[in-house]
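Observations on chain architecture
Spelled out, the chains give:
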Amino acid sequence: MVSKKLQKAFNDQINHEFSSSYLYLSMAAYAESLNLPGFANWLKIQTKEEQGHAMKLYKFVNERGGKVELQAIEQPPAAFNSPIALFEEVLKHERKITVLINKLYETALEEKDYAAQVLLHWFIEEQVEEEAAASSILETLKMAGEKGHALIMMDRQLARRGQN
Ligand code: MG
């Protein structure tokens, strides 16, 4: 049985994951508006992954005899200035999620919920991947620049996500 305190923390994190999904979809729409289908592809896969994260937490709460309570999702920003600004936002966002996952893990420790701790190990590892991926794309964009040929090459690279 999940404790009330941990249930609340899990429900909050479910909201953060769906909010992330919604943010990435808004970013994808921005990329579509710039005619960058590869960027949009990468971001739409991210959207689906975040829904998957939310559903992992949803499943856990139910399996542990808790009650999922969905919360309102905030409106995401619609414009991001440039492709570099967009990936700066992605990295900033994932760093924020890492802090939230770590806090959730601390609550699982306080509540001595070992099953929750095991589940959250997956999320802790996932955040290492999320930050590394965002950081790598951002660094490449900064190096190559976000105009003309460089941007087209980057768009082609991001188009390949999910194809293999
Ligand atoms: Mg996530």
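Residues numbered from 1 in each chain as written. Predicted model: local features only at pLDDT ≥ 70, side-chain atom pairs only at ≥ 80, totals over all residues. Heavy atoms only, no water.

Some points on the coordination of the magnesium ion
For the magnesium ion, the full set of protein donor atoms is Glu17 (OE), Glu50 (OE) and His53 (ND1), and the range of their distances to it is 2.0 to 2.2 Å. Ordering the donors of the magnesium ion by residue number gives the pattern E-x32-E-x2-H. Note that Glu17 is positioned in helix H1 (residues 4–33) and His53 in helix H2 (residues 37–63), a separation of 36 residues in sequence. Both residues of the pair, Glu17 and His53, count as buried. (Donors = N, O, S within 2.8 Å, 3.2 Å for Na, K, Ca; no water. Helix = DSSP H or I, 4+ residues; strand = E, 2+ residues; numbered from the N terminus. Buried < 20%, exposed > 50% of the residue type's maximum accessible area, 1.4 Å probe, protein only.)

Side note on the nonpolar core
Membership of the largest hydrophobic core comes to 24 residues, with the highest contact counts inside it found for Met27, Phe39, Leu43, Leu86, Phe87, Val90 and Leu141. Residue assignment for this core shows that the elements contributing at least two residues are H1, H2, helix H3 (83–110), helix H4 (114–144) and helix H5 (148–159). When residues of this core are assigned to their parent elements, the largest contribution, six residues, is made by H1. Every residue in contact with Phe39, bar those within four places of it in the chain, is listed here: Ala31, Pro83, Phe87, Leu141, Leu151, Met154, Asp155 and Leu158. Membership of the second largest hydrophobic core comes to 19 residues, among which are Val2, Phe60, Val61 and Tyr105. (Core = buried A, V, L, I, M, F, W, Y, C linked by side-chain atoms within 4.5 Å. Contact = heavy atoms within 4.5 Å.)

Examining the environment of Glu111
With respect to the helices and strands, the residue Glu111 is situated in the loop between H3 and H4. Taking the C-alpha atoms as reference points, Glu111 and Gln51, 60 residues apart in sequence, are found 26 Å from one another. With near-sequence residues (within four places) excluded, Glu111 lies in contact with Ser3, Lys5 and Leu6. Engagement of the side chain of Glu111 in a polar contact is seen with the side chain of Ser3, the distance being 2.7 Å. (Polar contact = N/O pair within 3.5 Å; in protein donor to acceptor, adjacent residues only side chain to side chain.)

Considerations on a nonpolar patch on the surface
A surface patch of nonpolar side chains, amounting to about 280 Å² of accessible area, comprises Tyr22, Leu25 and Ile73. Looking at the secondary structure, you find Ile73 in the loop between H2 and H3. Take Ile73: its relative accessible area is 39%, and that puts it in the partly exposed class. (Patch = residues over 30% accessible without salt bridge, like charges linked within 9 Å, V, L, I, M, F, W, Y side chains within 5 Å. Areas by Shrake-Rupley, 256 points an atom, 1.4 Å probe, with all protein chains shown as cover. Salt bridge = Lys/Arg side-chain N within 4 Å of Asp/Glu carboxyl O.)

A short note on the pattern of salt bridges
Enumeration over the complete set of coordinates arrives at nine salt bridges. Close ionic contact of Lys44 with Glu32 constitutes a salt bridge, the shortest N to O distance being 3.0 Å. Placement of Lys44 in helix H2 and of Glu32 in helix H1 is noted, with a sequence separation of 12 residues between them. With relative accessibility at 41%, the residue Glu32 sits in the partly exposed group. Residues Glu89 and Lys92 are paired through a salt bridge, measuring 3.6 Å at the closest nitrogen-oxygen approach.

Observations regarding the side chain of Thr47
Tracing the sequence through the fold places Thr47 in helix H2. Those residues in contact with Thr47 that lie beyond four places of it in its chain are Ser21, Tyr24 and Leu25.

Notes on the packing of aromatic side chains
All chains considered together, the criterion is met by five aromatic pairs. Arranged with centres 5.0 Å apart and planes meeting at 20°, the rings of Phe10 and Phe60 form a pair that is stacked. Pair noted here: Phe10 is in helix H1 and Phe60 is in helix H2, with a separation of 50 residues, a long-range link. Classification of Phe60 by relative accessible area gives buried; the value is 9%. On the numbers, 5.5 Å between centres and 65° between planes, the contact of Tyr30 with Phe80 is edge-to-face. In this pair, Tyr30 sits in helix H1 while Phe80 sits in the loop between H2 and H3, placing the two residues 50 residues apart along the sequence. Taking the relative accessible area as the measure of exposure, Phe80 reaches 5% and is therefore buried. Taken together, the ring pairs in this structure connect Phe39, Trp42 and Phe87 into an aromatic cluster. (Phe/Tyr/Trp six-rings, centres within 6.5 Å; stacked < 30°, edge-to-face > 60°.)

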